[in-house]
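# Coordinates in review
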Amino acid sequence: KLISFFIAVLLGGSFLPAQEVDPVLTAIKSRMDSIVAFEASVEMEVDISFVTMPVKEAEISYVKGEPIAITSEDFVMIPKRGLDLTLNELYRYPFMTLSLGKVQLQGRECDLIKIIPTTEASDFSIASVWVDRETLHVLKSQISTKKNGVYDIFYNYQAEEDPLPSEIRVEFEVSGVKIPLRFLGRDTQIDKDKKDQDPQERGAIYLRLAHRGLTLL
């Protein structure tokens, strides 16, 4: 289901790989592991040329050690890469990292780090993360999956001290992700003729989160 398909890159388990890992990723994982619970209201918009869909709304709640719970009056499907709020999928299997040094991203200086899985069990072949070492924020991740194409995910935070983002933009190749768009809701319209015109089109999903009840260790 796509509502759980956009949830798994930022709510993680406690596993840390034994391979050599950049210390900033270890620090970010420790910060994410300190989250005991939170709730949030989510608004979702889709930017795909052949899809017409009104803004969707949902409520999410999380308790450490349990799957995230999502409720909505409409059947909303959110790819897990979008609501993976604690980078669970990146940390799930052992990996090694390669630091590419300082880079600029949207006017901010950050560190670019490559993440290379060391096991075939991982569902991605390589990933890159743009990290602010001062705030321990992941500003962007690019994940090359083995079956669903490449995701570019951008994160915005309301305040420097916030551990969770308030806005997420997920960009992807529409054909690679294979989203069952007919399940995006009863009031969603799909232009099938336009869909076939550009099979390599990139789409985007925008998520706005209003967090509340954040509990830390």
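Notes on the structure follow. Keep in mind it's a predicted model, so treat the numbers as computed, not measured.

Quick look at the sheet that holds strand β6 (residues 108-117) now. Sheet architecture is open: 10 strands sit in the order β4-β3-β1-β12-β10-β9-β8-β7-β6-β5, paired in antiparallel fashion. Pairing within the sheet leaves two strands with one partner each, and these edge strands are β4 (69-71) and β5 (95-105). Sheet twist, expressed as the average angle between the axes of neighbouring strands with direction ignored, equals 20°. With five bridges joining them, β6 and strand β7 (residues 124-132) adopt antiparallel strand pairing. Across the sheet, lysine 114 pairs through a bridge with serine 128, a residue of β7. Sheet contacts for helix α1 (residues 23-33): β1 (35-47), β5, β6, β7 and β8 (137-145); angle to β7, the most-contacted strand, approximately 85°.

Attention now moves to the environment of valine 36. Note that valine 36 resides in strand β1. The exposure class of valine 36 is partly exposed, given its relative accessible area of 26%. As a C-alpha pair, valine 36 and valine 63 span 27 residues in sequence and 5.9 Å in three-dimensional space. Non-local contacts of valine 36, meaning those with residues more than four positions away in its chain, are made with Tyr62, Val63, Lys64, Thr215, Leu216 and Leu217.

Cut-off values and rules
Residues numbered from 1 in each chain as written. Predicted model: local features only at pLDDT ≥ 70, side-chain atom pairs only at ≥ 80, totals over all residues. Heavy atoms only, no water. Pairing = 2+ DSSP bridges. Helix = DSSP H or I, 4+ residues; strand = E, 2+ residues; numbered from the N terminus. Axes fitted to C-alpha atoms, helices over the stretch in contact; angles between N-to-C directions. Contact = heavy atoms within 4.5 Å. Buried < 20%, exposed > 50% of the residue type's maximum accessible area, 1.4 Å probe, protein only.

Distances and angles like these do not, on their own, reveal function.
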